[in-house]
Amino acid sequence: MMLLLGGSGYVGRIFARRLSDRGLDFQAISRRHYDYTRRDRLIELIDQTRPSFLINAAGYTGKPNVEACEHHQADCLLGNAVLPGIVREACELRNLPWGHVSSGCIYNGTRPDGSGFRETDPPNFCFRSPPCSFYSGSKALGEECLQDADNVFVWRLRIPFSNRDGPRNYLSKMMRYDRLLEVTNSLADADEFVDACLHCWQNRVPFGIYNIVNSGAVSTGEVVQLIRTHRKISRPFQFFRDEAEFLNATSGVPRSSCMLDNSKLIRTGFPIRDVREAVAEALQTWQPER
Ligand SMILES: NC(=O)C1=CN([C@@H]2O[C@H](COP(=O)(O)OP(=O)(O)OC[C@H]3O[C@@H](n4cnc5c(N)ncnc54)[C@H](OP(=O)(O)O)[C@@H]3O)[C@@H](O)[C@H]2O)C=CC1
Ligand SMILES: Cc1cn([C@H]2C[C@H](O)[C@@H](COP(=O)(O)OP(=O)(O)O[C@H]3O[C@@H](C)C(=O)[C@@H](O)[C@H]3O)O2)c(=O)[nH]c1=O
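Owing to the predicted nature of the structure, the values given are computational and were not obtained by experimental measurement.

Bringing the packing of helix 2 (residues 39-49) against helix 3 (residues 73-93) into the picture now. Working note: a packed helix pair is described by the angle between its axes plus the distance between those axes. Look at helix 2 against helix 3: their axes get within 9 Å of each other, and the N-to-C directions meet at 40°. By the angle between their axes, helix 2 is oblique relative to helix 3. Crossing handedness for the pair helix 2 and helix 3: right-handed. Residue-level inspection shows R39, L42, I43 and I46 of helix 2 in contact with helix 3, the latter providing I86, V87, E89, A90 and L93.

Looking now at the pairing of strand 1 (residues 2-5). A two-sided burial pattern is seen for strand 1, the buried positions comprising M2 and L4 on one face and L3 and L5 on the other. Looking at chain direction, strand 1 and strand 2 (residues 26-29) are connected through 4 bridges and run parallel. Residue pairing for strand 2: M2 is matched across the bridge by F26. Summarising the sheet, strand 1 and strand 3 (residues 53-56) pair through 4 bridges and their orientation is parallel. Counted as the bridge partner of M2 is F53 from strand 3.

Turning our attention to the UniProt feature "domain: RmlD-like substrate binding" (unreviewed entry) in the chain. Mapped onto the present numbering, the UniProt feature "domain: RmlD-like substrate binding" (unreviewed entry) falls on residues 2-285. Between the C-alpha atoms that bound residues 2-285 the distance is 31 Å, and the span itself is 39% helix and 14% strand.

This part covers the sheet that holds strand 4 (residues 98-103). Strands sit in the order 2-1-3-4-5-10 across an open sheet of 6 strands; the sheet is parallel. Here the strands that pair on one side only, and so sit at the sheet edges, are strand 2 and strand 10 (208-211). Across the sheet, the axes of successive neighbouring strands diverge by a mean angle of 20°, strand direction being ignored. Bridge count between strand 3 and strand 4: 3 bridges; the pairing is parallel.

The next subject is helix 3. Its 21 residues place the ends of helix 3 29 Å apart at the C-alpha level, agreeing with the 30 Å of an ideal helix rising 1.5 Å per residue. V82 marks where helix 3 bends most, by close to 45°; the proline P84 follows one to four residues later. Among all positions of helix 3, only C76, G79, N80, A81, L83, P84, G85, I86, V87, R88, A90 and C91 are buried. Contact partners of the buried residues in helix 3: strand 1, helix 2, strand 3, strand 4 and helix 4 (134-145). One or two residues past the end of helix 3 sits N95, with phi positive at roughly 55°.

F15, I55, V101, F153, W155, F193 and I212 are the most contacted members of the largest nonpolar core, which totals 30 residues. Where this core is concerned, the elements lending two or more residues are strand 1, helix 1 (10-21), strand 3, strand 5 (152-157) and helix 6 (190-202). For this core, the leading source of residues is helix 6, giving 8 residues. Setting aside residues up to four positions removed in sequence, W155 forms contacts with F15, F53, I55, G99, H100, V101, S102, F193, C197, C200, Y210 and I212.

Taken together, 23 residues surround ligand 1, and among them S8, S30, Y36, Y135 and K139 come closest. Take A58: an N or O atom from its main chain is 3.4 Å from an oxygen atom of ligand 1. The side chain of Y135 places a nitrogen or oxygen atom 2.6 Å from an oxygen atom of ligand 1. Look at ligand 1: alone it shows 880 Å² of surface, and the protein chains cover 89% of it. Broken down by secondary-structure element, the contributors of at least two residues to the shell around ligand 1 are helix 1, helix 3, strand 4 and helix 4. The element best represented in the shell around ligand 1 is strand 4, accounting for 3 residues. By residue class, the composition of the shell around ligand 1 is 10 nonpolar, 8 polar and 5 charged.

This brings us to the site of ligand 2. Looking at ligand 2, there are 18 residues lining it, with Y135, K173, Y177, L181 and R255 nearest. R179 is positioned such that a nitrogen or oxygen atom in its backbone is 2.9 Å from a nitrogen atom of ligand 2. When the free accessible area of ligand 2 is taken as 690 Å², the share hidden by the protein chains comes to 88%. Elements with a minimum of two residues in the shell around ligand 2: helix 5 (170-176) and strand 7 (179-180). Grouping the amino acids of the shell around ligand 2 by side-chain chemistry returns 11 nonpolar, 3 polar and 4 charged.

Examined against the element boundaries, T120 turns out to sit in the loop between strand 4 and helix 4. According to the relative accessible area criterion, T120 is exposed, its value standing at 72%. For the pair T120 and I209, spaced 89 residues apart in sequence, the C-alpha separation works out to 8.5 Å.

Each value, and the rule that gives it
- Residues numbered from 1 in each chain as written.
- Chains lettered and ligands numbered in written order.
- Predicted model: local features only at pLDDT ≥ 70, side-chain atom pairs only at ≥ 80, totals over all residues.
- Heavy atoms only, no water.
- Axes fitted to C-alpha atoms, helices over the stretch in contact; angles between N-to-C directions.
- Helix = DSSP H or I, 4+ residues; strand = E, 2+ residues; numbered from the N terminus.
- Parallel < 35°, antiparallel > 145°, perpendicular 65-115°, else oblique.
- Left-handed = near helix turned anticlockwise from the far one by under 90°.
- Contact = heavy atoms within 4.5 Å.
- Buried < 20%, exposed > 50% of the residue type's maximum accessible area, 1.4 Å probe, protein only.
- Pairing = 2+ DSSP bridges.
- UniProt positions renumbered as here; feature names shortened; annotations may be inferred.
- Expected span 1.5 Å × (residues − 1).
- Bend = angle between axes of the 7 residues up to and from the residue.
- Core = buried A, V, L, I, M, F, W, Y, C linked by side-chain atoms within 4.5 Å.
- Near = heavy atom within 4 Å.
- Polar contact = N/O pair within 3.5 Å; in protein donor to acceptor, adjacent residues only side chain to side chain.
- Areas by Shrake-Rupley, 256 points an atom, 1.4 Å probe, with all protein chains shown as cover.
- Nonpolar A, V, L, I, M, F, W, Y, C, P; charged D, E, K, R; others polar.

Encoded structure:
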């Protein structure tokens, strides 16, 4: 049996669906019913349920986007920086292996040679390397709390998308925003991300940090072109002139735009798709929100 923390959230629900689809036994835990953010309660929960693995898909992301983290800093620090440390302590005490959903947003840009950041690269979009958003800073602190931990996977997700239309889906956002920021990013098909996380545990790959994104990176303009082609949308898409105009028009919170190297994941035998192929397929099989 696996414990799933944060199973009520966007990422947690995808874990729940994929676990159910595979017939894997799990219990999704919500703070509403059980306060897993308290170390003593989490240890009690582990003792009562005796799981073989724990998935931490809990955290504070801000709604509708990370801008909200600037105004809810305590919740953000609790969910993203403190909670991973609490889960670590509880899991270490009970010798329970686990996985933590982190974010690639602790980086900005590329490595100096233009390649994607590797798991060994220090974050460059965080409180220790400003500027950054409060969200990114809090996620990097969360990873610091897990440094040198045994028995944990740190799964870095980045800009999830899927074929299911909705306010958290990056492709839906690109179709709904009035104006778009032209940047280049690594992205992750949300289902593929979860499958890769489950692959790590089920195939007992070595614990540690994994960048879990589709291969390559894609610009906003390329995504728009794929949307035009596969969704047959002919209306014009408006773009911000540059990042300064984006920051002026929104609430001034900088975003991470970055490329991540996923070769460590690929070496474990997980066949992750190229980002353009994955985006195209999501758009071809699009399920509009009702
Ligand atoms: N969505 C995205 O674009 C990305 C998300 N991530 C990471 O994935 C994880 C899940 O994100 P996502 O599913 O999008 O987030 P959601 O807000 O949709 O869900 C997160 C869940 O975490 C639980 N939670 C526990 N502590 C807190 C807290 N202090 N504040 C808010 N919620 C809390 C809540 O569940 P309950 O109250 O029921 O226990 C909540 O439903 C986060 O760690 C996030 O940083 C990483 C990259 C991209
Ligand atoms: C608000 C806005 C954003 N954008 C761009 C900026 C950015 O490149 C992309 C996504 O920005 P958003 O504000 O929608 O989402 P944001 O909250 O920044 O998304 C992030 O969420 C957290 C939880 C993560 O961990 C990240 O990996 C990422 O998925 O869209 C526009 O093009 N136009 C807009 O009006």
